[in-house]
Amino acid sequence: MLEVRDLTKRFRSTTVVDRVNFVVRAGEITGYLGPNGSGKSTTVKMMTGLLHPTEGQILFLGQNLRHGSTSFKQRLGYVPEEPNLYGYLTGLEYLQLAGGLRGLPEKHVDERANQLLELLSLRDSRWAPISAYSKGMKQRVLIAAALLHDPDLLIFDEAQSGLDIANALLFRHLLHALAARGKAVLYISHVLEFVEKVCEHIIVIYKGRIVADDSVGGLRKLMQLPNLEEIFAQLVHQGDMESRARDIAELISKRP
Ligand SMILES: Nc1ncnc2c1ncn2[C@@H]1O[C@H](COP(=O)(O)OP(=O)(O)OP(=O)(O)O)[C@@H](O)[C@H]1O
Ligand SMILES: [Mg+2]
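Think of each chain on its own: its residues are numbered from 1, step by step along the sequence as written. For naming, the first written chain is A and the first written ligand is 1, with later ones following in the order written. With the structure being a predicted model, the display of local features is reserved for residues of pLDDT at least 70 and the display and counting of side-chain atom pairs for 80 or more, all residues being used for whole-chain, interface and lining totals. Based on all heavy atoms of the structure, the side-chain values leave hydrogens and waters out of the count.

Remarks on helix 9 (residues 228-236)
- When accessible area is computed with a 1.4 Å probe and restricted to protein chains, residues below 20% of their type maximum are described as buried, those above 50% as exposed, and intermediate ones as partly exposed. A run of H or I in DSSP counts as a helix once it spans at least four residues, and a run of E counts as a strand once it spans at least two, with each numbered from the N terminus. Of the residues making up helix 9, those classed as buried are Leu-228, Ile-231, Phe-232, Leu-235 and Val-236. Viewed along the axis of helix 9, the buried residues span an arc of 110°, placing them on a single side of the element.
- In what follows, residue pairs with any heavy atoms lying within 4.5 Å of each other are defined as contacts. Structurally, helix 9 contributes buried residues whose contacts are with strand 3 (29-33), helix 7 (192-198), strand 9 (201-206), strand 10 (209-214) and helix 8 (216-223).
- Between the side-chain oxygen of the N-cap and the backbone nitrogen of Glu-229 there are 3.2 Å, and the N-cap of helix 9 in question is Asn-227.
- Phi for His-237, located one or two positions after helix 9, is positive at around 45°. The directions from the helix axis to the C-beta atoms are what the arc is built from. Under the rule applied, a polar contact is a pair of N or O atoms within 3.5 Å (in protein, one hydrogen donor and one hydrogen acceptor; residues adjacent in sequence only if both atoms are side-chain atoms).

Below you can see the structure in the form of structure tokens.
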């Protein structure tokens, strides 16, 4: 459904996404992993039109995407890493705004928004301003907004962060249900256990470059390692975190 070709982003002379190639297929949940600062959010910001690529192409259903294409945006649901929620709006108003901006009929938006809020356990808070919502509640409003227009492609940038156990489980099942209905899902997360359970396809980016692109099973076989955590540690050279943690604890307890 979506393909990126040699996608590159440079900020001044620093290349943060370096000739990245991958595909996101319909009916599949693709995990996009990498350490902090490796270029994940920058990649998806280019895919969603928030950032201009320095080089490379983004193709949606084989068509080269031009920045700001409205028909693409109508088929995209995106939960960004740093949400811009308007705190003075209520959850329901926010969804009404999101639906209106996508050109959906008012009556349909009202109905769908109320149903989604109910299913995401936000019904009782729908009249309260978002500024009074907890982190997990805000996250659920964003998930609802990403789903409101029944998009074909969903991009979740750490969308499960802040969700409690029950809501994280709901979210996990939701990803499967969406993929089963033929949606393409790109899912960024640092929770490897979650990714291992949810994603059939995994892409790992490290320092702006793709270092792995395979199924979890394929990566296990290829690298002869039992789980994603060890595969990830091998791919991204994380170093000895236990000794670094000791160094920090020792450092702060040193007498001046
Ligand atoms: N607007 C910007 N100007 C300059 N550098 C930027 C900008 N946005 C991102 N970067 C740099 O690009 C690199 C990749 O950032 P990005 O946000 O894509 O990382 P990430 O993989 O999403 O990390 P995290 O796991 O922490 O969310 C970082 O070194 C960051 O400092
Ligand atoms: Mg990020």
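Moving on from the coordinates now.
Some remarks on the pattern of salt bridges
- Here a salt bridge means any side-chain nitrogen of Lys or Arg lying within 4 Å of a carboxyl oxygen belonging to Asp or Glu. On inspection of all chains with the given rule, the structure shows 11 salt bridges.
- Residues Arg-75 and Asp-152 are paired through a salt bridge, measuring 2.7 Å at the closest nitrogen-oxygen approach. With a gap of 77 residues between them, Arg-75 in the loop between helix 2 (70-74) and strand 6 (76-79) and Asp-152 in the loop between helix 5 (135-147) and strand 7 (153-157) connect regions that are remote in the sequence.
- With relative accessibility at 22%, the residue Asp-152 sits in the partly exposed group.
- Between Glu-118 and Arg-123 there is a salt bridge; the shortest N-O distance is 3.0 Å.
- Classification of Arg-123 by relative accessible area gives partly exposed; the value is 37%.

Points about the sheet that holds strand 4 (residues 55-60)
- Spatially, four strands are ordered 2-1-4-5 in an open sheet, and the strand pairing comes out antiparallel. Every other strand in the sheet has two partners, leaving strand 2 (14-24) and strand 5 (63-64) as the edge strands with one partner each.
- Strand pairing is assigned whenever DSSP identifies at least 2 bridges connecting the two strands. Taken together, the seven bridges between strand 1 (residues 2-11) and strand 2 define a ladder with antiparallel strand orientation. Note on strand 2: the bridge partner recorded for Arg-10 is Thr-15.
- In this fold helix 1 (residues 40-47) packs onto strand 1, strand 2 and strand 4, with an angle of close to 115° to the strand it touches most, strand 1. Lines are fitted to the C-alpha atoms to define the axes, a helix being fitted only along its stretch in contact, and any angle between axes, read from their N-to-C directions, falls within 0 to 180 degrees.

Functional significance is not addressed by these values, which are geometric in nature.
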